[in-house]
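In case you want the letters, here they are:
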Amino acid sequence: MAQAAAAEAQLLDRLRAGDESAFRALVREYNPSLVRVARIYVSTQAAAEEVAQETWLGVLNGLSRFEGRSSLRTWIFRILTNIAKTRAVRDGRTLPFSALSDPGRVPEAAVDADRFLDPEHPRWPGHWALKPEAWPEDALIAAETRERLAEAIEALPAAQRAVISLRDIEGWSSEEVRNALDLSETNQRVLLHRARSKVRAALESYLDQP
Amino acid sequence: MTVDVEQLSCQELVELVTDYLEGALSPADTARFEDHIGRCGGCTIYLEQMRRTIEVVGQLSVDALTPDAERDLLEAFRGWRPA
């Protein structure tokens, strides 16, 4: 932790001194996540990319005033969220607050109910009617499987897509995701659960085809 | 999340997988989860599929910024004067 803080202080010094390679590295590291998170608020990929661009300009504007009370990453994502919300209002888009603040409101099953025996089944209530099958390893690493996987992630609701991308593609901790998206612990987990469950189901339906 | 029933059904277990992997289940619920996994081949495979899903998602690459967009940002950085 202390090491991370020291690395961040050093990065800030380089940025403030106008070190272009430090800025380029920062942009490369965070821009994909900024675009994904922006997609929660705005309706198109192009608009999300613009919001990310604007965020970097906001970062440059605020850099001299940044006091390090939060991590640099959290601060950058706060700027993004503000810009994205403003943009959503300007575009006349209803903000999907419920998607972030109350994702559990609408129940969603991780696995279709018809895969299980009836909850009132006399012998095996709620037991698998159709069990999952182990996946063949070679199919799992095939390029086409990756394409299906990317499509499944793209098809997720934006809040779920943002959470699974940050957690599982970019390897952030749950705390980092909660801070960047201003999510409660439970809601972060609900979004992650739904996203992972749907991606698993998509993989299963693809891999089970003979 | 709390689990009311004595024994988990498979349908209940699949909803707890993320809580389990995140270490968010209580010790009692963790024991119930693992007890079920120990006795159920279907759920063992399901849990393995979730782990594999997380792994393969982790191997997807992060989409890069277009060269134009990156150039614009670097130009903005050059135009920016540290205060």
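An account of the accompanying structure is given in this report. (Residues numbered from 1 in each chain as written. Chains lettered and ligands numbered in written order. Predicted model: local features only at pLDDT ≥ 70, side-chain atom pairs only at ≥ 80, totals over all residues.)

**Side note on unusual backbone geometry**
- The backbone of A:D182 sits at a positive phi, close to 55 degrees, despite the residue not being glycine.
- Summarising the element assignment, A:D182 is placed in the loop between α9 (174-181) and α10 (185-207). (Helix = DSSP H or I, 4+ residues; strand = E, 2+ residues; numbered from the N terminus.)

**Looking at the packing of helix α2 (residues 20-41) of chain A against helix α5 (residues 67-79) of chain B**
- Interaxial distance between α2(A) and α5(B) falls to 10 Å at its minimum, and their mutual angle equals 140 degrees. By the criterion of interaxial angle, the relationship of α2(A) to α5(B) is oblique. Crossing handedness for the pair α2(A) and α5(B): right-handed. The segment α2(A) lies against α5(B), with A:E20, A:F23, A:R24 and A:V27 engaging B:E70, B:L73, B:L74, B:F77 and B:R78.
- Tallied by class, residues from the contact of α2(A) with α5(B) come to five nonpolar, no polar and four charged. (Axes fitted to C-alpha atoms, helices over the stretch in contact; angles between N-to-C directions. Parallel < 35°, antiparallel > 145°, perpendicular 65-115°, else oblique. Left-handed = near helix turned anticlockwise from the far one by under 90°. Contact = placed C-beta atoms within 7 Å. Nonpolar A, V, L, I, M, F, W, Y, C, P; charged D, E, K, R; others polar.)

**What to know about the interface of chain B and chain A**
- The interface is formed by 37 residues belonging to chain B together with 45 residues belonging to chain A.
- Sorting the residues of the side of chain B that touches chain A by element identifies α1 (10-13), α2 (17-21), α4 (41-58) and α5 of chain B as the ones contributing at least two each.
- When residues in the side of chain B that touches chain A are grouped by element, the largest group, twelve residues, is from α4(B).
- Of the residues that constitute the side of chain B that touches chain A, the class distribution is 20 nonpolar, eight polar and nine charged.

**Some thoughts on helix α8 (residues 158-169) of chain A**
Residues and elements named next belong to chain A.
- Among the twelve residues that make up α8, eleven are buried, leaving the element largely enclosed by the rest of the structure.
- Every buried residue of α8 is listed here: A159, Q160, R161, A162, V163, I164, S165, L166, R167, D168 and I169.
- Note on α8: the residue one or two positions beyond its end, G171, has a positive phi of about 75 degrees. (Buried ≥ 20, exposed ≤ 12 C-beta atoms within 10 Å, placed from the backbone.)

**Some thoughts on the packing of α8(A) against α4(B)**
- Following both chains from N to C, one finds α8(A) and α4(B) inclined at 85 degrees, their axes separated by 8 Å at the closest point. Relative to α4(B), α8(A) is oriented roughly perpendicular. Along the contact surface, α8(A) presents A:I164, A:D168 and A:I169, while α4(B) presents B:I54, B:V57 and B:G58.
- For the contact of α8(A) with α4(B), the per-class residue count stands at four nonpolar, one polar and one charged.

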